[in-house]
Structures are given as structure tokens and as C-alpha cells.
Amino acid sequence: MTDTTTHTARADAASLHSPVIDWFDEHARDLPWRRPDAGAWGVMVSEFMLQQTPVSRVLPVYEQWMARWPRPADLAAEAPGEAVRAWGRLGYPRRALRLHGAAQAIAERHGGDVPSDHGQLLSLPGIGEYTAAAVASFAYGQRHAVLDTNVRRVFARAATGVQYPPTATTAAERKLARALLPDDERTAARWAAASMELGALVCTARNEDCSRCPIAGQCAWRLAGKPAHEGAARRGQTYAGTDRQVRGRLLAVLREALTPVPQSALDAVWHEPVQRARALDGLVADGLVEPLDDGTYRLPG
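Below or above, wherever it landed, is the structure these notes cover.

How each quantity is defined
- Residues numbered from 1 in each chain as written.
- Predicted model: local features only at pLDDT ≥ 70, side-chain atom pairs only at ≥ 80, totals over all residues.
- Heavy atoms only, no water.
- Helix = DSSP H or I, 4+ residues; strand = E, 2+ residues; numbered from the N terminus.
- Rg over C-alpha atoms; globule rule 2.2 N^0.38 Å.
- Buried < 20%, exposed > 50% of the residue type's maximum accessible area, 1.4 Å probe, protein only.
- Contact = heavy atoms within 4.5 Å.
- Areas by Shrake-Rupley, 256 points an atom, 1.4 Å probe, with all protein chains shown as cover.
- Lys, Arg positive; Asp, Glu negative; His and termini not counted.
- Charge placed at Lys NZ, Arg CZ, Asp CG, Glu CD.

### A closer look at the overall build of the protein chain
Summing up its helical and strand segments, the protein chain has 15 helices and 2 strands in all. The C-alpha radius of gyration of the protein chain comes to 22 Å, within 12% of the 19 Å expected for a compact globule of 301 residues. Seen through its C-alpha atoms, the protein chain measures out along the principal axes to roughly 65 × 45 × 35 Å. Out of the 301 residues belonging to the protein chain, those deemed buried represent 45%. Taking the intrachain contacts of the protein chain between residues at least 6 apart in sequence as the baseline, contacts between residues at least 24 apart amount to 64%. A total accessible area of about 14,900 Å² is found for the protein chain, and carbon and sulfur atoms account for 50% of it. The protein chain carries 35 positive and 34 negative side-chain charges, and their two centres are separated by 5 Å.

Dropping the structure here:
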């Protein structure tokens, strides 16, 4: 993105902030991690869970998680396998191990409180740029560009005039996000949450509802006639028959078992032995399953 484009983005940004934030104030979902009593830990837990997982699936697991482990030290005191067990069927269970590792680091290095400093957040296990920015912004009201899939799509359409953002976040997107960020810290934090909600509820990947969009009159993509995406076809991830599905079935057996599980119980969940063995080896390598000397398996202790 050129300096001229950045200047234009800054000039146009102010006209986007108020309508999007006003829309958010009226239409934001009442989600538990947005409530004041959630605290920074609640925000962090939600951000781990919401990666590639819809809100409807996260809500019951989040509520159970926070009831059981209301503070990082509570989770840190448990075996990592308990985090994997409680993760249930949210998918991508390595997130549970990473969240457990982050909780341990918070308990050991930060007195049990989620740090507010962006750099300290980045130093925690399993936390990348997005999660650090999200926690700093949503929990502590700081000024950071928070770029998830929904925000990237809103910015691509409203500011860049294309239907979809690139597959992976680019330097140009980060530069645009910084240019669109309000100068005032509190407003910037509100903008981050509001633009994300707009992408989740209105400016969706499919069947966007421009009639409900507070910035439809300024949207570059809409004003250009909604040109179709010119890149490679965007395909949803397949699940049936993949190693991910096999891993999920193996973990389900281990989550439900209170004692170590014999190989025969794992063999029963998938018919193809080579794929089953590959999936189990992957789970062991990822630290999600612990093989014992007697040939049985359990969640990590």
C-alpha cells in the first residue's frame, strides 16, 4: 500500500468509525467474555477457543471451563490432560495444551494475572500477534490493530474494494489496519470489537447483508458493483475421512476414559490401520496423548 493510499485511508477512517461503533453499541451480541466480570483471563480463554470455531460451539465449553478454572492458576495446577479433556469437541485440541502452557507461565511469571503489556503477552506460550493484540485491546482497552478473518474481510471490502482478503495476512493489510485505527485508545479498542462484529454478523463471507451495514454507502466494494473475487476459488476445509477426523475419534475415547486405554479400544474407532496408526503417532508427537510402558494410552499427565 502506497503512502498516498495510507493517507487516503486515514482521511476516510474517521467517517467509518462512528457509524460502525454506533451500530455495535446497538447490535453487539451479549457474549460472556464481553462482560466486565470476564476479566482478562476470560477474554484470553475465549480467544483461544474462537480460533477457527464458531461462537455457538464455544459458548457451552467456555462456560464450563471458566466455572472450573476461573483463574489461570486454577488451570495451571491441573495436569495438561485435563485441559484436553475439557476441550471436548471444539477441534484443534493443541489449543488446549497451549492455553494450559500460557496459564502456567502466567502463574509463574506474572503472579497469576494476565499481563496487560503487549510484549509480555506475546512472550506467553501459544500466543501470537493476533491473540496478544486481541487481549490487550478487548481486556485492557489498548490501541492495537486486531486482525481476524472477519475484520480482514470488512477492510478488504470497505477500504480496498475487493470481495475477499488474501489467504494469509499481508504487510499491506497490517498497514491498512493501522491507518484505519482511531487515535484515541478507548475508541480504538471499541473499533476493534465493532469491526469484528460487523464481519461476523453482516459483512459475512457469503450472503452479506448490505442493507443492514452502517457503512454500505462508503463501501468501496459495493460502490464498484461488488466485483467477483479474482483469485483462486475459496474452498471450505474437508473433514470426513481425514487424519483430523481419526485424531478426533481417538481423542474422544481417551477423553471419556478415567483410566488408561488399551490399544484395542483405539483400534475399534477407525477401520484403516495405517491411517489410524499415523493419527495416533501424530497425537503422541503433539503431546496430546501419552503412551505408557504397558502398551496403554492416556491424556498427558
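### Here's the deal with unusual backbone geometry
Residues other than glycine predominantly adopt negative phi, and peptide bonds predominantly adopt the trans conformation. Within the chain, Gln52 stands out as a residue other than glycine whose phi angle is a positive 65°. Mapped onto the elements, Gln52 comes out in the loop between helix H2 (39–50) and helix H3 (55–68). Its identity is not glycine, yet Lys226 carries a phi of approximately 55°, on the positive side. On the basis of relative accessibility, which here comes to 32%, the residue Lys226 falls in the partly exposed class.

### Comments concerning helix H5 (residues 80–87)
Inspection of H5 places Gly81, Glu82, Ala83, Val84 and Trp87 among the buried residues, and these make up the whole buried set. Summarising the contacts, the buried residues of H5 are in contact with H2, H3, helix H4 (72–76), helix H6 (94–109) and helix H13 (243–256). One or two residues past the end of H5 sits Gly88, with phi positive at roughly 60°.

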